[in-house]
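Residue-level listing of the chains:
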Amino acid sequence: MLSLRSLRARWPSFLGCFVAVALGVAVMTAMALGLAAATDPPPRPPTRFAHSPVVVMGRDTVTMEVRRGPDTARVSKPLAHPHPVDSELLAELRILGRVRTDGAARDAVGVDAPAPAVRRLVGGRGRVLTGDDRHLADPSAARETEALVGVDALLGTAAGVTAFVAVFVTASTFAFVVALRRREFGLLRLAGALPGQVRRTVLGEALAVGLVASALGCVLGGAAAPTLVRELVEGQVAPPWFALRAGTHWPYEVAFCVGVLVALAGAWAAARRAGRTGPLEALREASVDTGVMPGSRRVTGAVLLVAGLGLTAWTLYADPAALLKRKTYATQPMVLVTAVAVLAPALVGPLVRLLPLRRLPRAYGVLVRANAAGSVRRTAAVAAPALVTVALAGSLLGSAATVTGARATEARERTTAQLVVTGERLRQVRVPGATVSGTASTAVFVGEDGTALVRSDARAVDDVAAFAAVTRLPVVAGDVRDLDDRSIVVDGEWRHGEVGSWVDVRLGDGRPARLRIAAVLARGTGDNGAYVTAANAPGAQLDRLDVRMRPGTDPGAVTSALRASGGTVRTASEWLAATGPRSGTQTRLGFLMVLGIALVYAGIALAGTCLMATSARGAELRSLRLAGATRGQVLGLVAGEAALAVGVGAALGATVAAVNLAGLAGALGRLSAPVTVTVPWVPLTGCVGVCLAIGVGASVAGASRRA
């Protein structure tokens, strides 16, 4: 009852928390509805063999038995070169019923015959599809499956970051609300309230806010989900048929429960602090914060800081390639952000003294610095949204740009060709005065220690000598020129990959082979891949010609001769610009979504905190007016304090981003990849500018009514 009465009396103080939780639940509801649609997509009718009750596909997977704890399991991977339906099987199927083929393509055929009879006949020579599974024979099936996996990753990451930012903002706002109410809690303690009763009062307020905000968020999220799905389809992230599933209720239930837990988790630390409020706080008049870093907070912050730095260091030592993955650099910064936020009250003072305030008039500089350092909780609360926004923007966008830049540099360094010809079905051509190397896309499969089946993308080389002349691979052991029909070139990611050792692999068509390692490449960013000869890639179609001209050769004549291959002729720089590594649509959309959520939360938290802070400073601002300060000077002072607090948050966020980018640079160095750290200055400047505009605007708006 006391909690409800307190909410009715102090509802403006809880408005920021309410909006933050409601927005978080709305986003999580929309994301969860999208995840439900991607996890359980609607059945797609077949288009290629729509009139055939049964479809037979050639063998298109490689299967290996691996260990799963004490048991074993069969794991399959798609072949790089699926087998066609062989002529013998095709003749046997014609005995059962009519067989429909799709032109010259023999990867699948439709059969007008009973499914049980077809299964008995085919056995292990192919795959039999019936019902909606016939859609798997459509050319778009593989692309759609890959797109749904990307949608899962995109929405899952966005939902996770949303939950983190919601807890972060709610905790920061509740902490400041409790700090402003210390005299109220002191009066309760003076009237005989026990610490547990004070804690339950704060948690009761959080529970009431969480229940109502979560209910509203579910309604808003359900209304926004169709728009989210439409944007995913129009942005070509999801397949054209992607749609919400009717009658799905679990996303609402999960989002509602998460919203309530977010409100309680955000208020938990503040409730503990409120319970520690002593009765003498009711008599306190000083506005200088004391006891802002109790022992428990110092220990928690230190543990989180050590955990964040230790996790980065351990990953850098044990598995540096993991730091290059989107899932790692999208989630790992959260530990450091939380650690710095917990330790922020202890960091505010030193940072305030370091920031340059000399250009301000002396009185402004002294007062801004003194107020910011004296009201540590207020400064930390205003700094927190800027901290999380700048840290996420720097870490996510900086890491993605750094990894993409490293991959692009690797691609440039791997070739010495002057011209590149690409096409789906090229013809090998001989060009006088030029070295021409033809390669094809393929793959090899290897079992790692009997526990996993790993696919490695590879290139099939037609002429090893020509290939060595037009490439500059990052070889760390062996010689690429030793590649032959009984050997393979691998990168450092392969376990037990030593020059001269033999490895058992499955080739791109699933055929087993035992090959000797001729050379080992640097692990790099993971794009160096493997290389085999054309004899070990049956079914691979020539798709690239790398050309290097000898001195004195006429480029025009070489270009004309290359057109006979049937492909597109480009210079190496043009080819790299058109096909080189770049951030995908899903990655860009995901990061923009995450940063948009972070900016919205930052705006909510900043506006709410600044308005609460100025509402509690009426007496202080009136004292300044009585001391002779003009209204403009008072508003300028408040604006300066808000700008300083945002600057502190931006500095802390930039430090977190710098640590994460430094770890990424170390990982690139350990992997022998190009170290080209990219700092996203424009997005960082935009985030700081938005935070400054909202923080200063809200502070001035709140103070203008009291100055």
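Given the structure is predicted, the values throughout are model-derived calculations rather than measurements.

S.K.: Talk me through helix 7 (residues 195-234); I want residue IDs and the actual numbers.
M.R.: Since there are 3.6 residues in each turn of an α-helix, residues three or four apart along the chain are aligned in direction. With 40 residues, helix 7 should cover 58 Å at 1.5 Å per step; its first-to-last C-alpha distance of 55 Å lies within 8% of that length. Along helix 7, the sharpest kink reaches roughly 35 degrees, centred on Ala224 and followed within four residues by the proline Pro226. At the exit of helix 7 stands Gln236, carrying a positive phi of roughly 60 degrees.

S.K.: Summarise the packing of aromatic side chains; cite the residues concerned and give the values.
M.R.: Using the criterion set out here, one finds 2 aromatic pairs in the structure. Ring geometry for Trp314 and Tyr317: centres 5.8 Å apart, planes at 45 degrees, overall tilted. With Trp314 and Tyr317 both in helix 9 (residues 295-318), this residue pair falls 3 residues apart, about one helical turn. Each member of the pair, Trp314 as well as Tyr317, carries the same accessibility label: exposed.

S.K.: I'd like a rundown of unusual backbone geometry, residues and numbers included.
M.R.: Of note, the phi angle at Ser672 is positive, near 60 degrees, even though the residue is not glycine. Position of Ser672 among the secondary structure elements: in the loop between helix 19 (631-670) and helix 20 (681-704).

S.K.: Can you lay out the confidence of the model for the protein for me, pointing to particular residues and giving the numbers?
M.R.: On average, residues of the protein carry a pLDDT of 82, and 87% of them reach 70 or more. The element-level mean pLDDT for the protein is lowest in helix 1 (residues 2-9), coming to 58, with strand 14 (residues 530-533) highest at 94.

S.K.: Now, about the side chain of His135: what can you tell me, with residues and values included?
M.R.: One can find His135 in the loop between strand 6 (126-130) and helix 5 (141-180). Of the residues examined, His135 reaches a relative accessible area of 7% and is grouped as buried. Of note is the side chain of His135, whose polar atom sits 2.8 Å from the side chain of Glu144.

S.K.: Describe the packing of helix 13 (residues 376-413) against helix 19, and please don't skip the residues or the numbers.
M.R.: To describe two helices that pack against each other, one gives the angle between their axes and the distance between the axes. Relative to each other, helix 13 and helix 19 sit at 30 degrees, their axes nearing to 6 Å. On the basis of their axis angle, the class for helix 13 and helix 19 is roughly parallel. By crossing handedness, the relation of helix 13 to helix 19 is classed as right-handed. In terms of residue class, the contact of helix 13 with helix 19 is made up of 20 nonpolar, 9 polar and 2 charged.

S.K.: I'd like a rundown of the pairing of strand 3 (residues 71-78), residues and numbers included.
M.R.: With 8 bridges joining them, strand 2 (residues 61-68) and strand 3 adopt antiparallel strand pairing. Residue pairing in the sheet places Arg68 in a bridge with Asp71 of strand 3. The antiparallel hairpin formed by strand 2 and strand 3 contains 2 residues in its connecting segment, where Gly69 sits at a positive phi of about 70 degrees.

S.K.: I'd like a rundown of the environment of Phe256, residues and numbers included.
M.R.: Checked against the element boundaries, Phe256 lands in helix 8 (residues 250-275). In this structure, the C-alpha to C-alpha distance between Phe256 and Ala22, residues 234 residues apart in sequence, is 9.6 Å. Those residues within four positions of Phe256 in sequence are excluded, and the remaining contacts are Val25, Leu211, Ser214, Ala215 and Cys218.

S.K.: I'd like a description of the environment of Val237, backed by residues and values.
M.R.: Relative to the helices and strands, Val237 is located in the loop between helix 7 and helix 8. Along the primary structure Val237 and Leu154 are separated by 83 residues, whereas in three dimensions their C-alpha atoms are 9.5 Å apart.

S.K.: Please provide a residue-by-residue account of the pattern of salt bridges, values included.
M.R.: This model, assessed by the stated rule, comprises 15 salt bridges. Asp527 is paired through a salt bridge with Arg407; the nearest N and O atoms lie 3.7 Å apart. Taken together, the residues span a long stretch of sequence, with Asp527 in the loop between strand 13 (512-521) and strand 14 and Arg407 in helix 13 at a distance of 120 residues. Here Arg407 falls in the partly exposed class, since its relative accessible area comes to 28%.

Here is what the cut-offs are and how they apply
- Residues numbered from 1 in each chain as written.
- Predicted model: local features only at pLDDT ≥ 70, side-chain atom pairs only at ≥ 80, totals over all residues.
- Heavy atoms only, no water.
- Helix = DSSP H or I, 4+ residues; strand = E, 2+ residues; numbered from the N terminus.
- Expected span 1.5 Å × (residues − 1).
- Bend = angle between axes of the 7 residues up to and from the residue.
- Phe/Tyr/Trp six-rings, centres within 6.5 Å; stacked < 30°, edge-to-face > 60°.
- Buried < 20%, exposed > 50% of the residue type's maximum accessible area, 1.4 Å probe, protein only.
- pLDDT = per-residue confidence, 0-100.
- Polar contact = N/O pair within 3.5 Å; in protein donor to acceptor, adjacent residues only side chain to side chain.
- Axes fitted to C-alpha atoms, helices over the stretch in contact; angles between N-to-C directions.
- Parallel < 35°, antiparallel > 145°, perpendicular 65-115°, else oblique.
- Left-handed = near helix turned anticlockwise from the far one by under 90°.
- Nonpolar A, V, L, I, M, F, W, Y, C, P; charged D, E, K, R; others polar.
- Pairing = 2+ DSSP bridges.
- Contact = heavy atoms within 4.5 Å.
- Salt bridge = Lys/Arg side-chain N within 4 Å of Asp/Glu carboxyl O.

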